[in-house]
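These are the residues of each chain, in order.
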Amino acid sequence: QVQLVESGGGLVQPGGSLRLSCAASRNIFNMYTMGWYRQAPGKQRQLVATITSGGSTNYADSVKGRFTISRDNAENTVNLQMDTLKPEDTAVYYCNANRVIPTYVTYWGLGTQVTVSS
């Protein structure tokens, strides 16, 4: 019922910035926690950041102080501002929507590539 589409990925030099965006096909942001995950070559998919419907945020230790997650419920979008990028940030970044009440439901986008390299 819900489609998530990521955009904003690309190639950037170390120390640079990118902003990722995720758009949902319908308004679900009043019920779902939104998040960004990433998967680097040869590694497991890992949490980057989450934001609840009330605006509470959580970040992986590796991105604290460098990344900022935000949401605009009226526009059905969630964003990830990435600053001071490192080569270790290179990965496919995935948008996620998740709820547990009244039932467990989760949705994933198809991902967008972020490459940090000189």
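1. Digging into the sheet that holds strand E7 (residues 67–72)
Taken in spatial order, the four strands of this open sheet run E1-E3-E8-E7, and their pairing is antiparallel. With partners counted over all chains shown, the strands left at the sheet margins are strand E1 (4–7) and E7, one partner each. Across this sheet, the average inter-strand angle for adjacent strands is 15°, counted without regard to direction. Strand direction decides the pairing type here: E7 and strand E8 (residues 77–82), joined by six bridges, are antiparallel. Across the sheet, residue Ser-70 finds its bridge partner in E8, namely Asn-79.

2. Let's talk about the nonpolar core
Grouped together as the largest cluster of nonpolar side chains are 32 residues, with contacts concentrated most on Leu-4, Trp-36, Leu-80, Met-82 and Tyr-93. Where this core is concerned, the elements lending two or more residues are strand E3 (18–24), strand E4 (33–39), strand E5 (46–51), E7, E8, strand E9 (91–99), strand E10 (105–108) and strand E11 (112–116). Once residues lying within four places of it in the same chain are set aside, the contact partners of Tyr-93 are Glu-6, Leu-20, Trp-36, Tyr-37, Arg-38, Val-48, Phe-67, Leu-80, Met-82, Gly-111, Thr-112 and Val-114.

3. Re unusual backbone geometry
With omega at 5°, the peptide bond leading from Ile-101 into Pro-102 counts as cis. Secondary-structure assignment places Pro-102 in the loop between E9 and E10. Although it is not a glycine, Asn-76 sits at a positive phi angle of roughly 55°. By the secondary structure assignment, Asn-76 is in the loop between E7 and E8. Its relative accessible area of 12% is what places Asn-76 among the buried residues. Unusually for a residue other than glycine, Thr-84 sits at a positive phi of about 50°.

4. A short note on the environment of Thr-52
Looking at where Thr-52 falls in the secondary structure, it is placed in the loop between E5 and strand E6 (57–59). For Thr-52 and Trp-108, which are 56 residues apart along the polypeptide, the C-alpha to C-alpha distance reads 16 Å. Excluding its chain neighbours within four sequence positions, the residues that come into contact with Thr-52 are Thr-33 and Arg-71.

5. Concerning the state of the cysteines
Per the stated rule, a full pass over the model turns up one disulfide. Linked covalently through their sulfurs, Cys-22 and Cys-95 form a disulfide whose S-S length is 2.1 Å. Every disulfide takes its handedness from the sign of the S-S torsion; for Cys-22 and Cys-95 that torsion is -85°, giving left-handed. On the criterion of sequence distance, the pair formed by Cys-22 in strand E3 and Cys-95 in strand E9 is long-range, its members being 73 residues apart.

Here is what the cut-offs are and how they apply
- Residues numbered from 1 in each chain as written.
- Predicted model: local features only at pLDDT ≥ 70, side-chain atom pairs only at ≥ 80, totals over all residues.
- Heavy atoms only, no water.
- Pairing = 2+ DSSP bridges.
- Helix = DSSP H or I, 4+ residues; strand = E, 2+ residues; numbered from the N terminus.
- Axes fitted to C-alpha atoms, helices over the stretch in contact; angles between N-to-C directions.
- Core = buried A, V, L, I, M, F, W, Y, C linked by side-chain atoms within 4.5 Å.
- Buried < 20%, exposed > 50% of the residue type's maximum accessible area, 1.4 Å probe, protein only.
- Contact = heavy atoms within 4.5 Å.
- Disulfide = S-S within 2.5 Å.

Such coordinate-based values are descriptive only and should not be taken to indicate function.
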